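A structural walkthrough
Residues per chain are reported as follows:
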Amino acid sequence: MNSIRELVNQNRKKIEKFDLNYQISHKNFEIACAVAALETTNLVSQSYFEDEANLDKGDYVLRLYALLQALFVSIDSLYAMSYSITSSKNFININSNPKLRRLKYIRNDVVGHPANRSKNKHKDRGNSYCILDNDSVTKEAFTYYIYSSDGSCEKETINIGDLVSSYYKESISFLDVLYQVSSKFNQSSVLKESIAEVLDRYYKTGHFRDELYTFIDRYKAEYRNHKRENNRIIWRYELVLKLMDVSNDNSDIMDVIKYSIGIELNKMYKMLWGKDYSHKADFELPSMVLSAYRFFNRNPEYIPYIKHLKDIDDPLFFKSLKEVYEGASVKKMQNLMDYLGFIITLYYGQQWDLIYSITLPILEYKKKEK
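First things first, this report covers the structure right here in the doc. (Residues numbered from 1 in each chain as written. Predicted model: local features only at pLDDT ≥ 70, side-chain atom pairs only at ≥ 80, totals over all residues. Heavy atoms only, no water.)

As for the overall build of the chain
This is how the line gets drawn: Strands are runs of DSSP state E lasting at least 2 residues, helices are runs of H or I lasting at least 4, and numbering of each runs from the N terminus. Residue exposure (1.4 Å probe, protein chains only): buried if accessible area is under 20% of the type maximum, exposed if over 50%, otherwise partly exposed. Contact between two residues is taken to exist if any of their heavy atoms lie within 4.5 Å; hydrogens are not considered. Here the Shrake-Rupley method, with its probe set to 1.4 Å, supplies the accessible areas, and only the displayed protein chains count as covering residues.
The number of helices and strands found in the chain is 14 helices and three strands. Expressed as a percentage of the 370 residues in the chain, the buried residues total 50%. A separation threshold of at least 6 residues defines the contact pool for the chain, and within that pool the share at least 24 residues apart is 67%. About 18300 Å² of surface is accessible on the chain, with carbon and sulfur atoms providing 47% of the total.

This is how it looks when you write it as structure tokens:
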């Protein structure tokens, strides 16, 4: 575990740049709290991987609980620092690392609420319960089982070194960018006006490619040291490019693609302006999205499934997607079935980024007030 010890040392050096005493003396308590939590995780990690003799089962389990909780808290702390420095939790994208996206689910399964993994109105849909195999816990790995109310059982075996290394590599990179940004973050007027021009062209003509390229060139020149995987502006730009490459014979699907592009562009706009594009409310809803909204309005028992469609790594993502598809099938809503069927096809093709973007219109659903 020498590599992890080295990562901990690198992380500590990055944290020291933010100077805990300085943050406290200047009443930057959000940053101070986050920095202190990150250092606590370093202590937990160092202790976890220490060589000790005569550890029993309880010792291993206790250390595992502490480690998972510390990692979970540290990711929240990194987001808190991002928000405090940039006024946006979305400025830097730590969630691009799939192992870290899984971390919150692993922590919830093992430490958070294993006996209440998911709540739905229908107890036969989506309830699952997690049991840690205490005998399996070592410094290197552990296993737990996920039992579902339908009688199925899944086995998860987690490599602890791999999980911890992923956290530290992302944290180190994240802290580098935050330190750079903290000294000069100003959301320059040039970038703000440039992304506004992109949205204006999208809204008024639908032709925005040249303006988008100009904006991203300016953005990269301003933040040239930002890694793609840690920057949500660049990440969403690449999502837009992938959406622009989609071709489908179903014109209604293509309308969803165009609308999803608008959502992504607006999210980029919001990161720089701190508010939605002024004409976002005027974006015309595609017929497939309207069909989805009508379905949820008329069948509110399916609304709880929407929350599981936010993240492809949610263990109930695909099951929830199929439940809504089957509900649409029962109601003979062909337009919605085509929409969800397209997402299911992308799922089987492991097109995770496209799934995220094309599902965004569903996530924007708001329950109809009576």
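Moving on from the coordinates now.
So, the layout of surface pockets
To be explicit about the condition: With a 1 Å grid spanning the protein atoms alone, the term cavity applies to any set of points in which a 1.4 Å probe fits but cannot get out, the term pocket to an open set with protein on both sides within 12 Å along at least five of seven lines, and the term lining residue to any residue with an atom within 4 Å of a point. Grid points are joined across faces, edges and corners, and a volume is the space filled by probe spheres set on the points. Throughout this entry, Asp, Glu, Lys and Arg are counted as charged residues, while Ala, Val, Leu, Ile, Met, Phe, Trp, Tyr, Cys and Pro are counted as nonpolar. The remaining residues, Gly among them, count as polar.
In this model, the second largest pocket occupies a volume close to 320 Å³. Taken together, 19 residues form the lining of the second largest pocket, with Arg102, Glu156, Asp313, Asp314 and Pro315 sitting closest to its centre. Looking at the lining of the second largest pocket, the elements with two or more residues in it are α5 (98-112), β2 (141-148), β3 (153-159) and α12 (317-330). For the lining of the second largest pocket, the element with the highest residue contribution is α5, accounting for five residues. Residues that form the lining of the second largest pocket fall into these classes: 10 nonpolar, no polar and nine charged.

Topic: the nonpolar core
For clarity, the threshold we go by: As used in this record, nonpolar core signifies buried Ala, Val, Leu, Ile, Met, Phe, Trp, Tyr and Cys residues forming a set joined through side-chain atoms within 4.5 Å.
Phe142, Phe215, Leu265 and Ile358 are the most contacted members of the largest nonpolar core, which has 107 residues in total. By residue number, the principal contributor to this core is helix α10 (residues 251-273), which donates 12 residues. Filtering out sequence-adjacent residues up to four positions away, Ile358 remains in contact with Leu243, Val256, Ile257, Ser260, Tyr339, Phe342, Ile343 and Leu346.

Overview of the pairing of β2
The test is simple: Here, any two strands with at least 2 DSSP bridges between them count as paired.
Both strand β1 (residues 128-132) and β2 contribute to a ladder of five bridges, which runs antiparallel. Across the sheet, residue Cys130 finds its bridge partner in β2, namely Ile146. Here seven bridges tie β2 to β3, and the two strands are oriented antiparallel to one another. Bridge assignment links Tyr147 to a residue of β3, and that residue is Cys153. Here β2 folds back onto β3 in antiparallel fashion, the turn holding four residues, of which Gly151 has a positive phi close to 95 degrees.

Comments concerning helix α4 (residues 57-86)
So the rule is basically this: Working rule for helices: expected span equals 1.5 Å times residues minus one. Between N or O atoms, a polar contact is any pair within 3.5 Å; within protein, one atom must be a potential hydrogen donor and the other a potential acceptor, and residues adjacent in sequence are included only when both atoms are from side chains.
Here α4 is 30 residues long and its end C-alpha atoms lie 44 Å apart, about the 44 Å a rise of 1.5 Å per residue gives. Put simply, Asp56 is the residue that caps the front of α4, since its side-chain oxygen is 3.1 Å from the backbone nitrogen of Gly58. Once α4 ends, the next one or two residues include Ser87, with phi positive near 65 degrees.

Topic: helix α3 (residues 29-48)
The α-helix advances 3.6 residues per turn, and as a result positions three or four apart in sequence lie on the same side. For α3, spanning 20 residues, the distance from its first C-alpha to its last is 28 Å, which sits close to the expected 28 Å at 1.5 Å a residue. Every buried residue of α3 is accounted for by Ile31, Ala32, Ala34, Val35, Ala37, Leu38, Thr41, Asn42, Ser45 and Tyr48.

Some words on empty space enclosed by the protein
Throughout the structure, instances matching the rule amount to one cavity of 30 Å³ or more. A volume near 40 Å³ is recorded for the largest cavity. Residue lining of the largest cavity: Leu309, Lys310, Asp311, Ile312, Phe317, Trp352, Ile355 and Tyr356, and that is the complete set. In terms of residue count, the dominant contributor to the lining of the largest cavity is helix α14 (residues 352-363) (three residues). Residue composition of the lining of the largest cavity, by class: six nonpolar, no polar and two charged.

Here's the deal with the environment of Phe142
With respect to the secondary-structure elements, Phe142 resides in strand β2. Look at Phe142 and you get buried, because its relative accessible area is 1%. C-alpha of Phe142 to C-alpha of Tyr60: the two residues are 82 residues apart in sequence and 9.8 Å apart in space. When residues no more than four places from it in sequence are discounted, the contact partners of Phe142 are Leu64, Leu68, Ile106, Val110, Leu132, Ser136, Val137, Glu156, Thr157, Ile158 and Ile160.

A look at the packing of helix α9 (residues 232-244) against α14
Convention followed: Under this scheme, a helix contributes an axis fitted over its contacting stretch, all axes are lines through C-alpha atoms, and angles between N-to-C directions fall in the 0 to 180 degree range. In what follows, roughly perpendicular refers to angles from 65 to 115 degrees, roughly parallel to angles under 35, roughly antiparallel to angles over 145, and oblique to any angle outside these ranges.
Contact geometry of α9 with α14 gives a least axis separation of 10 Å together with a crossing angle of 90 degrees. Judged on the interaxial angle alone, α14 and α9 are roughly perpendicular. The segment α9 lies against α14, with Trp235, Arg236, Leu239, Lys242 and Leu243 engaging Asp353, Leu354, Tyr356, Ser357 and Ile358. Its residues placed into classes, the contact of α9 with α14 shows six nonpolar, one polar and three charged.

No statement about biological role is implied by the geometric values presented.
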